[in-house]
Amino acid sequence: MSHYNEIRHGRHCVFLMHLHLVFATKYRREVFTKEILDDLRPICSSVCTDFEAELVEFDGEDDHVHLLVNYPPKVSVSNLVNSLKGVSSRMIRKKNYPSIRKKLWGGALWSPSYFAGSCGGAPIAVIRQYIEQQQTPH
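Cut-offs and rules
Residues numbered from 1 in each chain as written. Predicted model: local features only at pLDDT ≥ 70, side-chain atom pairs only at ≥ 80, totals over all residues. Heavy atoms only, no water. Buried < 20%, exposed > 50% of the residue type's maximum accessible area, 1.4 Å probe, protein only. Helix = DSSP H or I, 4+ residues; strand = E, 2+ residues; numbered from the N terminus. Pairing = 2+ DSSP bridges. Core = buried A, V, L, I, M, F, W, Y, C linked by side-chain atoms within 4.5 Å. Contact = heavy atoms within 4.5 Å.

Engineer: How should I be thinking about the pairing of strand 3 (residues 18-25) in this particular structure?
Structural biologist: In the case of a regular strand, side chains alternate between the two sheet surfaces. For strand 3, the buried fraction is high: seven of the eight residues fall into the buried class. In the sheet, strand 3 pairs with strand 5 (residues 64-70) via seven bridges, with the strands oriented antiparallel. Counterpart to Phe23 in the pairing with strand 5 is Val65. Note that strand 3 and strand 6 (residues 110-119) share seven bridges and pair antiparallel. Of the residues in strand 6, the one forming a bridge with His20 is Gly117.

Encoded structure:
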């Protein structure tokens, strides 16, 4: 999966699906440093690989991260998110970073909510127009 913009093939489908995810820290605490974000990237990439998905892009600020994931249609977005947040939280908490230890307690790294948006391909208006212009049989 080195070329994230290539059409992929499953057993009975052809697909190109991208997902933009945003995870915020618990209580929106500013705990991330460059070092922590650098540690989070391979963790998230590994989780994506387990789902036959690809982490295309990853970055963040001190209180949230953005992920761009290329994923197959058999993957449930909620299952992917739960795994990404759960595994990354456990792995980062094990490293015992002072910025996280001081500002977060109770074992949680992430807020329970998240943003997920489909992206890529043609804009909705173009797809809608294409569908409207189909030649309906008489």
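On we go from here.
Engineer: Please clarify how the nonpolar core should be interpreted in this entry.
Structural biologist: In summary, soluble globular proteins display a tendency toward joint burial of nonpolar side chains. Core analysis: the biggest nonpolar cluster contains 29 residues, and Phe32, Leu40, Val65, Leu67, Val69 and Leu84 have the highest contact counts within it. Sorting the residues of this core by element identifies strand 3, helix 1 (34-50), strand 4 (54-60), strand 5 and helix 2 (77-94) as the ones contributing at least two each. Of the residues forming this core, the biggest block, seven residues, is contributed by helix 1. If sequence neighbours within four positions are ignored, Val65 has contacts with Leu21, Val22, Phe23, Phe32, Leu37, Leu40, Phe58, Asp59, Gly60 and Trp110.

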